[in-house]
Structures are given as structure tokens and as C-alpha cells.
Amino acid sequence: AGNAIPLVKPFPQLVKLEELWLNDNKVSDLSEVRHLASFPALKTIYLERNPMQGLGDAAMEARYKEEILNAVPNLFQLDATRLNSEVKVITDGSEKNVIGVRKR
């Protein structure tokens, strides 16, 4: 993270890599995310705050997420967002006492 890296390079020998942290770098070309497909075990990717994210531009941010998920369809977490999971907080109705948390 934070190393001024401009490209996402494939490393096919890293077949067991589960987390990749490339946030706060200089990746500006969204097509670079296609190389993420070379990491078949990836579960978590941090690429936020790279120019390609289009931070603040809703359409660019949606395209950013879509392109990454096309390259890594079984991703569990993108940036600080967990994907395909739901959390239900169970309270006593007062919003003060959490009785339990249920993940699906």
C-alpha cells in the first residue's frame, strides 16, 4: 500500500495468494485489473484510492467494482466492503443492548 505502483502485474506462481493490498498507489488504467485473474485464490483486494477508482464519481466507482468482480468473481472483500454477506443485529428493541449478531 502507498508505494506509487502504476500497474497491476500478474504473478501466476502466486496461486495461493489470498490478500492483495495495492491501495493508495498510482494505478490509473482500469484495464489493469484484468491481471487480478492470475491470482485464483484471492479473497480480499484493496485497490481504493488509486486514480482508476474514480473516487467521488459514482459511475466510475461502479465500473471499478464491476471490472474487479469480472476479473475475480469469487472475491469476498473489495476494499473495506464485504461482498455477498449479510449481517443482522439482534437487539432487545431498545437499540442499547445487542443480543446477538448473525452472519449469513
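The rules behind the values
Residues numbered from 1 in each chain as written. Predicted model: local features only at pLDDT ≥ 70, side-chain atom pairs only at ≥ 80, totals over all residues. Heavy atoms only, no water. Helix = DSSP H or I, 4+ residues; strand = E, 2+ residues; numbered from the N terminus. Buried < 20%, exposed > 50% of the residue type's maximum accessible area, 1.4 Å probe, protein only. Contact = heavy atoms within 4.5 Å. pLDDT = per-residue confidence, 0-100. Phe/Tyr/Trp six-rings, centres within 6.5 Å; stacked < 30°, edge-to-face > 60°. Core = buried A, V, L, I, M, F, W, Y, C linked by side-chain atoms within 4.5 Å.

Asks: Help me out: how do you make sense of the side chain of E48 in this one?
Replies: Structurally, E48 can be placed in the loop between strand 2 (44-46) and helix 1 (58-71). Judged by its relative accessible area of 17%, E48 falls in the buried class. Sequence-distant contacts of E48, that is, excluding residues within four places in its chain, are made with N23, D24, Q53, Y64, D79 and A80.

Asks: How do you make sense of the confidence of the model for the chain when you look at a structure like this?
Replies: Segments scoring low in pLDDT should not have their predicted coordinates read at a detailed level. Model confidence for the chain is summarised by a mean pLDDT of 87, while 82% of its residues fall at 70 or above. The weakest mean pLDDT in the chain belongs to strand 6 (residues 98-103) at 56; the strongest belongs to strand 2 at 96.

Asks: Can you help me understand the packing of aromatic side chains in this one?
Replies: Aromatic ring pairs: the centre-centre distance and the angle between the two ring planes describe each pair. One pass over the structure, following the stated rule, counts one aromatic pair. Ring plane angle 20° and centroid distance 4.0 Å describe the contact between W21 and Y46, whose orientation is recorded as stacked. Remark: Y46 occurs in strand 2 and W21 occurs in strand 1 (residues 19-21); sequence separation between them is 25 residues. On the accessibility criterion, W21 (44% relative accessible area) is partly exposed. According to the relative accessible area criterion, Y46 is buried, its value standing at 11%.

Asks: How should unusual backbone geometry be read in this particular structure?
Replies: Leaving glycine out, the prevailing phi sign among residues is negative, and the prevailing peptide bond configuration is trans. We note that R49 has phi near 65°; this positive angle belongs to a residue other than glycine. Checked against the element boundaries, R49 lands in the loop between strand 2 and helix 1. Residue D79 is not a glycine yet carries a positive backbone phi of 55°. Mapped onto the elements, D79 comes out in the loop between strand 3 (77-78) and strand 4 (81-82).

Asks: Is there a simple way to think about the side chain of S38 in this case?
Replies: Along the chain, the position of S38 falls in the loop between strand 1 and strand 2. A residue is classified by how much of its surface remains accessible, and S38, at 18% relative accessible area, is buried. Excluding residues that lie within four positions of it along the chain, S38 makes contacts with P10, F11 and P12.

Asks: What is the right way to look at the nonpolar core in this model?
Replies: Nonpolar side chains tend toward joint burial in soluble globular proteins. Counting 19 residues, the largest nonpolar core has L36, I45, L47 and I68 as the members making the most contacts within it. For this core, the element with the highest residue contribution is helix 1, accounting for three residues.

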